[in-house]
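Each chain, written out:
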Amino acid sequence: MTLQSILFLAQIACNPLAKVDCNLSQHINMTKKKYTITAALPYANGALHLGHLAGAYLPADIYARLLRLQGKDVAFICGSDEHGAAITIRAKKEGRSPQDIIDTYHNINKKAFEGLGISFDYYHRTSEKLHHETAQDFFKHLYEKGGEFDEKVSDQYYDEEYDQFLADRYIVGTCPKCGHDEAYGDQCEKCGSDLSPTELINPKSTLSGKTPVIKQTKHWYFKLDKHEEWLKEWIKEGKVDGQQLHNPDAWKNHVLGQCLSWVEGGLHPRAITRDLSWGIPVPVEGGEGKVLYVWFDAPIGYISSTKQWAKENNKNWEEYWKGDDVELVHFIGKDNIVFHCIVFPAMLKAHGDYVLPKNVPANQFLNLEGKKFSKSKGWVIEQHQYLEDFKDFPNKEDALRYALIRTLPENKDGDFKWDEFVALHDNELADNLGNFLNRVMALTNKYYGGKAPVFDANTVIQDADDRGDFLYKNACYWLECKVNELINHAERFEFKNAVNSLMEISSYGNKVFQANAPWKLFKTNPDAPEIAATLSTVLQIAATISVVAQPFIPFSTAKIRKMLNLPALQDNDLQELLTKLDNSEALIPAGHQLGEAEILFAKVHNKKDKSRLELIDAQKNQIEELRKKMELEALQPEPIRDQIVFDDFAKIDLRTGTIVAAEKVAKTKKLLKLTVDLGLEQRTVVSGIAAFYKPEETIGQQVVLVANLAPRNMRGIDSEGMILMSESLDGKLTFVQPKDNYGNGLIVK
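In this report, we go over the structure that sits alongside the text. Everything numeric here is computed off the predicted structure, so don't read it as measured data. (Residues numbered from 1 in each chain as written. Predicted model: local features only at pLDDT ≥ 70, side-chain atom pairs only at ≥ 80, totals over all residues. Heavy atoms only, no water.)

**Details of the overall build of the chain**
For the chain, the count of helices and strands is 21 helices and 30 strands. The C-alpha radius of gyration of the chain comes to 30 Å, within 12% of the 27 Å expected for a compact globule of 749 residues. Partitioning the intrachain contacts of the chain with sequence separation of at least 6 by distance along the chain shows that 73% fall at a separation of at least 24. Carbon together with sulfur atoms contributes 47% to the accessible area of the chain, which is approximately 33200 Å² in total. Averaging the coordinates of the 90 positive side-chain charges in the chain and doing the same for the 105 negative ones gives two points 2 Å apart. (Helix = DSSP H or I, 4+ residues; strand = E, 2+ residues; numbered from the N terminus. Rg over C-alpha atoms; globule rule 2.2 N^0.38 Å. Contact = heavy atoms within 4.5 Å. Areas by Shrake-Rupley, 256 points an atom, 1.4 Å probe, with all protein chains shown as cover. Lys, Arg positive; Asp, Glu negative; His and termini not counted. Charge placed at Lys NZ, Arg CZ, Asp CG, Glu CD.)

**Section: the environment of Ala 597**
By secondary structure assignment, the location of Ala 597 is in the loop between α18 (573–582) and α19 (611–634). When its relative accessible area of 41% is taken as the criterion, Ala 597 is described as partly exposed. Sequence separation between Ala 597 and Lys 562 is 35 residues, and the spatial gap between their C-alpha atoms is 8.8 Å. The residues contacting Ala 597, other than those within four sequence positions of it, are Met 441 and Met 563. (Buried < 20%, exposed > 50% of the residue type's maximum accessible area, 1.4 Å probe, protein only.)

**Focus: the packing of aromatic side chains**
Aromatic ring pairs are defined here through the distance separating the ring centres and the angle between the ring planes. One pass over the full model with this rule turns up 40 aromatic pairs. Taken together, a centroid distance of 5.6 Å and an interplanar angle of 50 degrees make the contact between Tyr 63 and Phe 331 tilted. Of this pair, Tyr 63 sits in helix α2 (residues 50–69) while Phe 331 sits in strand β15 (residues 326–331), and the two are 268 residues apart along the sequence. Taken individually, Tyr 63 and Phe 331 each receive the classification buried, so the pair is uniform in this respect. Each ring, one from Tyr 447 and one from Tyr 448, has its centre 6.5 Å from the other, and the planes form 85 degrees; the classification is edge-to-face. You can call Tyr 447 buried: its relative accessible area is 12%. (Phe/Tyr/Trp six-rings, centres within 6.5 Å; stacked < 30°, edge-to-face > 60°.)

**Some details on the sheet that holds strand β16 (residues 366–368)**
Taking strand neighbours across the sheet as the criterion, the 3 strands line up as β17-β16-β18 in an open arrangement whose pairing is mixed. Either end of the sheet is taken by a strand with one partner, and the two such strands are β17 (371–372) and β18 (414–416). Relative to β18, β16 runs parallel, the two being bridged by 3 bridges. Within the sheet, the bridge partner assigned to Leu 366 lies in β18 and is Gly 414. (Pairing = 2+ DSSP bridges.)

**Structural notes on α18**
Within an α-helix, residues lying three or four positions from one another point in the same direction, as the helix has 3.6 residues per turn. Extensive coverage of α18 is indicated by the burial of 7 of its 10 residues. Along α18, the residues that are buried comprise Asp 573, Leu 574, Gln 575, Leu 577, Leu 578, Leu 581 and Asp 582. Contacts made by the buried residues of α18 are with α2, α13 (472–491), α16 (529–548) and α17 (554–563). The positive-phi residue at the C-terminal boundary of α18 is Ser 584, with phi of around 55 degrees.

If you want it as structure tokens, here you go:
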């Protein structure tokens with residue numbers, strides 16, 4: 001924000017309608033820079049829920065729409081990610097083909113995006129021929145360039161029952177870094193750590209449920225470690241080879257923090273091929289039976305989607321991915337930060353020519369009524385499900401968009417609640433915005449036959465806080481500054497603040513009405529010039545809203561434009577709006593005939609029509625029933641696991657020991673570093689019990705240790721065993737220990 005706008009906003013904090021100079025229309029950069037906006041390619045193995053919408057797609061849509069209104073050259077790109085283990089797992093579980101799965105969910109998600117107004121310029125598919133060719137060409141370019149790949153024979157898990165090597169997502173186990181017991185073989189979705197399958201504790205195949213065996217296989221590894229130094233400089237300082245490419249201060253703290261933690265922990269080569277039949281074949285000799293790893297293949301989908309869009313719209317795709325006049329922004333959730341801020345940028349730079357992302361404004365997670373979204377437990381509201389359930393709810397699309405924008409998890413996890421949905425809808429959309437527009441239409445129709453009045457711009461009317469007089473142009477200055485404030489927030493990816501600026505414009509209009517009360521003047525003097533001046537001012541405010549509201553509530557904005565009898569919005573209309581406001585030019589000229597009025601947001605709480613409240617109550621009842629069911633299930637003990645033979649148990653060496661020292665493991669919330677005395681020796685054990693025991697509370701506790709467990713490196717510490725714990729039905733962990741004090745090192749049978 002400029003010093004000029006700061007001074008202006010300081011003045012209007014005291015007097016919102018004061019006459020001050022606020023020519024900020026130069027804020028918009030009218031150079032013909034290209035903007036490539038991407039939203040995370042969703043897996044086509046299931047329907048997307050509201051958490052996905054709030055995490056990436058709604059913020060990306062707001063940003064893309066705002067850029068278009070500024071006259072910017074935008075390519076808003078997305079598409080279905082249709083390869084990888086998640087697709088085949090779903091197919092196996094349902095007894096369907098992978099193609100059937102991807103066709104089903106590609107269509108469901110694409111239709112839901114369209115229904116909610118997500119304005120992709122192109123929504124592609126990674127199963128398309130063009131994407132296969134693009135991904136294979138990318139791989140071959142790096143392969144033929146040399147120095148970017150290693151070919152390694154490595155140990156990989158193999159499911160003997162299913163007779164196949166297991167991709168990372170086919171393996172689950174305990175995360176060695178945070179103790180989460182449902183971590184995948186490539187990533188722990190709880191702590192965000194990048195993993196390899198062999199790091200997991202107690203790994204299990206998701207196919208057979210059994211412990212896999214190790215077999216050797218050959219794969220290609222991308223030398224990510226080769227790019228460590230420049231990545232570190234690029235993330236911390238925004239520079240590459242001395243050139244300033246981005247401003248780190250403009251990146252979100254949690255994005256920088258996760259990236260720096262990952263890079264400073266040391267990068268390692270990453271396998272970019274897998275032993276699978278479903279995917280993009282590795283296009284070099286020796287690649288038979290192998291496919292490109294989905295996290296190598298998927299981000300290239302942004303490029304192939306841009307290619308297809310450019311092909312169909314007579315554009316050059318390279319202009320949106322290469323050159324100094326391209327700005328690339330990735331919208332993702334926090335679980336994808338590493339891949340978009342480290343892996344993909346390294347791939348792009350290794351290839352050459354491509355731009356690196358200007359920003360990656362990853363959001364945190366959205367919860368539902370206080371709990372994490374869980375499709376397996378039914379704790380979820382899917383996008384297409386909402387559209388179907390609320391098909392009779394007026395402006396259902398914008399009602400949801402607005403509620404999500406106001407609870408966006410921009411810097412911390414958010415929470416979607418139905419009571420808040422109703423409050424935001426009735427108090428802000430209906431009572432503030434809807435009420436203001438209704439008053440504009442009703443009074444213009446009543447006093448001037450629905451035509452914008454002729455008025456004297458020098459007529460003095462009252463300001464909103466009754467502190468003095470103001471003129472029509474003072475309102476134009478105020479609006480100009482508020483619009484620029486909204487733009488500034490959005491350009492910093494502060495969409496909650498941006499939509500607040502929008503609602504402040506509407507509140508301002510309501511205050512102008514109240515301060516001047518034209519209905520009172522009309523009773524005593526219908527020809528009073530203050531009536532025309534007031535109505536012209538609120539029409540100016542309404543016209544401003546009909547432009548700047550579009551990125552947030554596009555369906556309602558189209559209705560507002562129709563009510564005001566204004567043409568559909570076009571690219572660059574925001575710049576024209578600011579220019580007219582700067583010149584105090586009427587956005588709706590005198591004599592302009594308004595259209596038909598309509599109720600934009602019918603309130604949920606309405607004594608005469610309870611249909612909308614009934615829809616909300618049905619949703620709340622479903623949530624409550626599911627909550628009770630989940631609480632009941634949580635009280636049930638876990639089922640007994642598969643049988644083992646005595647010889648399996650006999651291999652485990654359980655010993656008594658005493659904890660003699662304990663400390664927290666740095667940069668973790670769950671891990672304690674314990675020193676356990678086994679009598680003849682002491683062992684270092686890393687245990688995920690910090691949520692249940694303070695370090696000092698563990699000292700002197702006698703425990704049972706699995707003494708012959710192979711060491712595991714956890715956060716840089718070699719853990720030399722595992723302490724037995726008992727877990728209560730509510731998830732609390734306690735030590736398994738002898739009733740009386742036994743000696744250390746004794747065998748437990």
